Amino acid sequence: MVLIRRCGRIIGHGYWQRTCFALNNGISQPNRQRTESKVIRSPFSDVEIPSCLLDEGVWGNLERWPDKDALVCGLTNRKFTYHQARLSSERFAASLKKRGTTSGQVLAILLPNIPEFAVTALGAIEAGLVVTTINPVYTPFEIAHQFRNSGASGVVTIPELLPKVIDAQKLMANEPKKKPIFVVSINLGGSKPDGTWDFNEMLDPSIDTSILKRSGSNEDMVFLPYSSGTTGLSKGVCLSHKNIMANIAQVDHPEITHLFETTENYQDVLPAILPFFHIYGLTMIMLRGLVKGCKLVSLPKLESDIFLNILKTYKATVLYAVPPVVLLLGQHKNVTQEHFESLRIICNGAGPVKEADAEKVLARSHNKNLRFCQAFGMTEASPAVFVSRNADMNDHLTVGPPIPNTLARIVDTTDSTKEFGPGEIGEIQVKGPQVMIGYHNNPQATADILSPDKWLSTGDIGYYNEKNEFYIVDRIKELIKVQGYQVPPAELEGLLRTHPNVVDAAVIGVPNDRTGEAPLAFVVLADGSSATVSEEDVEKFVAERVAPFKRITAGVRFVNTLPKSAAGKILRRILKDEYLKNVK
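Calculation notes
- Residues numbered from 1 in each chain as written.
- Predicted model: local features only at pLDDT ≥ 70, side-chain atom pairs only at ≥ 80, totals over all residues.
- Heavy atoms only, no water.
- UniProt positions renumbered as here; feature names shortened; annotations may be inferred.
- Disulfide = S-S within 2.5 Å.
- Buried < 20%, exposed > 50% of the residue type's maximum accessible area, 1.4 Å probe, protein only.
- Pairing = 2+ DSSP bridges.
- Helix = DSSP H or I, 4+ residues; strand = E, 2+ residues; numbered from the N terminus.
- Axes fitted to C-alpha atoms, helices over the stretch in contact; angles between N-to-C directions.
- Domains from an automatic or database assignment.
- Contact = heavy atoms within 4.5 Å.
- Buried area = accessible area lost by both parts, 1.4 Å probe.
- Parallel < 35°, antiparallel > 145°, perpendicular 65-115°, else oblique.
- Nonpolar A, V, L, I, M, F, W, Y, C, P; charged D, E, K, R; others polar.
- Core = buried A, V, L, I, M, F, W, Y, C linked by side-chain atoms within 4.5 Å.
- Patch = residues over 30% accessible without salt bridge, like charges linked within 9 Å, V, L, I, M, F, W, Y side chains within 5 Å.
- Areas by Shrake-Rupley, 256 points an atom, 1.4 Å probe, with all protein chains shown as cover.
- Salt bridge = Lys/Arg side-chain N within 4 Å of Asp/Glu carboxyl O.
- Left-handed = near helix turned anticlockwise from the far one by under 90°.
- Arc of directions from axis to C-beta.

- An unreviewed UniProt entry lists the protein chain under the name 4-coumarate--CoA ligase, with Sipha flava as the source organism.
- The Subcellular location (unreviewed entry) comment attached to the protein chain in UniProt states, word for word, "Peroxisome".
- Its UniProt record gives the protein chain the following Sequence similarities (unreviewed entry) comment, quoted word for word: "Belongs to the ATP-dependent AMP-binding enzyme family."

Printed below as a string of structure tokens:
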């Protein structure tokens, strides 16, 4: 058994636990005849789940590496040592409490990947707040949705993003029961914008931190990231302290862990190029990296030359990647074997890559000790579910077996009581301590994905082999994956239908060599509009209202009708099959 130091206590359930819609664990599924369960248990020994609160777990080993670099900006080399990061987050927490925040309130973080992201997140958590993370490329409309849905009381941002925050608040100005949102501005070398709290002032050494009095349970919600769905706007995913701490402990099992613990003479270096607002970057890089005493080198925006320079200059040892990064390493003209010299693992997630692409990267590296692996997770599982074994150096396609303390099964897509065996393809379902509490204020969506006995339906099609290693085949969900981001077609369809000349619309994802997939729109125009509306007009209409990765980049096709079911649901699969047939 892997022992994780227990560092906390369990008190009563908090307010946020009650407002997230979890399902009753005591309710059993209907009885069914089954001669043999095909549930796959993790082949790894269970790990002990820490009982502490998340910030306590992150700083639990601080005394072992206080002077090691914790957070470094890959652009400016601005940095925090572990000791400095701990003091700063504690002062930020005390400042939040002093200014009137209360436990259970939601603080939004609208930041690129900068060292201060971790300080603000961990400080907010220490103050008893819930953190909701927002994509910096979101439009004011999208930011307003997340402010509104999460019930955010405040937001931490930078001056460059402040205009979006102001515009988002204007969109919400006339809404009933709307409360003002306080703004904390991280001013890197500039003056404090009017009407904001100065982040630097909140870190002043004179701040009295004795005001901090901890309470709460590790069952309480700590993060509220948003996950895209196929039915409209994104949903808040309620993740508890226990969910996140469990997932960190699970992936630290010696047979699958990628990180070495920091010592006086050694420290892993992680390029923090995956966004911290996304659960992959948040848990697997930022939080887990800090727990292990790693050096995190952040990059506010992925720029190929700067990223490559980080690999070489900072001597990166472990790289967490997404498919576009893997393609860059395999194709970019400036990539040399020097960029791989210190790397021992490249782990791909957020979408599968082809075996040939993985082998191309390994061939360019000229590093026989470099391992390429894939993993699988989702926001609703904190995120890790499957991770391939460290001993498996050659199979680049499997996402591995279930991680410790995790169960998995393949079920019929139309009847989840029917379980499948090795080699049989169906929907992947998982169960474990990392699975979310539920969707925020959305009991129906929770019930749709989480069974009464806590089986999480992933919406992904796959199978497992005789060694209980899982493979991802396709998605039931029709989410479009663009550069690792999830784009819900229903959101774009709803937006397209607000165009004055559009009657109906459908959006599908089509293959794209650069981004993985790209949105393609099928549009039904109003009578008499065909002569006045062009494809470019429709693309521009969408581009002005959504983040860049959601734009209609695969084109617009004008059609007379859309295929629909008897219930009126758009049959996107028919459109996609027709598209793929014509491409072939």
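From this point, the narrative continues.
Notes on the state of the cysteines
Phase 1 of the analysis: Throughout the structure, instances matching the rule amount to zero disulfides.
Phase 2 of the analysis: Free of any disulfide, C294 has its nearest cysteine sulfur in C347, 14 Å distant.
Phase 3 of the analysis: Given a relative accessible area of 0%, C294 falls into the buried group.

Looking at the sheet that holds strand 14 (residues 318–321)
In sheet architecture, strand pairing relies on hydrogen bonds along the backbone and comes in two forms, parallel and antiparallel.
Phase 1 of the analysis: If you trace the four strands from one edge of the open sheet to the other, you get 14-15-16-17, paired in mixed fashion. Each edge of the sheet is formed by a strand with only one pairing partner; in this case those strands are strand 14 and strand 17 (384–387). Each adjacent strand pair in this sheet contributes to an overall mean axis angle of 25°, direction not counted.
Phase 2 of the analysis: Pairing of strand 15 (residues 345–348) with strand 16 (residues 371–377) involves four bridges; the strand directions are parallel. Across the sheet, the residue bridging to C347 is C373, located in strand 16.

Points about the domain arrangement of the protein chain
Phase 1 of the analysis: Assigned domains within the protein chain: domain 1 (81–215) and domain 2 (481–582).
Phase 2 of the analysis: Each of domain 1 and domain 2 has a C-alpha centre, and the two are 35 Å apart.
Phase 3 of the analysis: Between domain 1 and domain 2, the residue contacts involve five residues of the former and eight residues of the latter.
Phase 4 of the analysis: For the domain 1 and domain 2 pair, buried surface summed over both sides reaches about 440 Å², with 52% attributable to carbon and sulfur atoms.
Phase 5 of the analysis: Per-residue buried area on domain 1 facing domain 2 is highest for V137, T139 and E142; these three make up 68% of the total on that side.

A closer look at the packing of helix 4 (residues 115–126) against helix 8 (residues 279–291)
Phase 1 of the analysis: Across the interface, helix 4 lies against helix 8 with an axial gap of 12 Å and an inter-helix angle of 80°. Comparing the axis directions of helix 4 and helix 8 gives the class roughly perpendicular. Here F117, A118, A121 and L122 of helix 4 come into contact with helix 8, specifically with L282, M286, L287 and L290.
Phase 2 of the analysis: Per-class residue counts for the contact of helix 4 with helix 8 are eight nonpolar, no polar and no charged.

Digging into the nonpolar core
Phase 1 of the analysis: If you look at the biggest cluster of nonpolar residues, it comprises 166 residues, and the most contacted ones within it are F147 and L329.
Phase 2 of the analysis: The dominant element in this core, judged by the number of residues it contributes, is helix 8, at nine residues.
Phase 3 of the analysis: Both of domain 1 (81–215) and domain 2 (481–582) provide at least three residues apiece to this core.
Phase 4 of the analysis: Among all residues touching L329, those that are not within four sequence positions of it are F307, L308, L311, L319, V335, F340, I346, V361 and R364.
Phase 5 of the analysis: Of all hydrophobic cores here, the second largest spans 10 residues; its members include V524, L562, L575 and Y579.

A look at a nonpolar patch on the surface
Phase 1 of the analysis: A cluster of nonpolar side chains, namely F141, L171 and L233, defines an oily patch on the protein surface of about 280 Å² accessible area.
Phase 2 of the analysis: In this structure, F141 sits in helix 5 (residues 140–150).

Description of helix 5
Phase 1 of the analysis: For helix 5, every residue scored as buried is listed here: E142, I143, A144, H145, Q146, F147 and S150.
Phase 2 of the analysis: Looking one or two residues past helix 5, G151 carries a phi angle of roughly 75°, positive in sign.

A look at the packing of helix 3 (residues 82–98) against helix 4
Phase 1 of the analysis: Following both chains from N to C, one finds helix 3 and helix 4 inclined at 50°, their axes separated by 7 Å at the closest point. Of the possible angle classes, the one that applies to helix 3 and helix 4 is oblique. Crossing geometry of helix 3 relative to helix 4 is assigned as right-handed. Of the residues in helix 4, those touching helix 3 at A85, R86, S88, S89, E90, F92, A93 and L96 are V119, T120, L122, G123, A124 and E126.
Phase 2 of the analysis: Of the residues contributing to the contact of helix 3 with helix 4, the split by class is seven nonpolar, four polar and three charged.

Quick look at the environment of S240
Phase 1 of the analysis: Turning to its location among the elements, S240 is positioned in strand 11 (residues 235–240).
Phase 2 of the analysis: On the accessibility criterion, S240 (2% relative accessible area) is buried.
Phase 3 of the analysis: Along the primary structure S240 and M221 are separated by 19 residues, whereas in three dimensions their C-alpha atoms are 4.0 Å apart.
Phase 4 of the analysis: Every residue in contact with S240, bar those within four places of it in the chain, is listed here: N218, E219, D220, M221, V222 and I437.

Things to note about unusual backbone geometry
Phase 1 of the analysis: Note that the residue after S382, namely P383, is joined by a cis bond; omega there is 10°.
Phase 2 of the analysis: As for its placement among the helices and strands, P383 is situated in the loop between strand 16 and strand 17.
Phase 3 of the analysis: Phi at H366 is positive, roughly 55°, even though this residue is not glycine.
Phase 4 of the analysis: The residue H366 is located in the loop between helix 11 (355–365) and strand 16 in this model.

Side note on helix 9 (residues 304–313)
Phase 1 of the analysis: Buried within helix 9 we find F307, L308, I310 and L311. Down the axis of helix 9, the buried set is contained in an arc of 155°. They therefore lie on one face.
Phase 2 of the analysis: Of the surrounding secondary structure, the elements contacted by the buried residues of helix 9 are strand 12 (269–272), strand 13 (295–298), strand 14 and helix 10 (323–331).
Phase 3 of the analysis: A positive backbone phi angle near 55° is found at K315, which sits one or two residues after helix 9.

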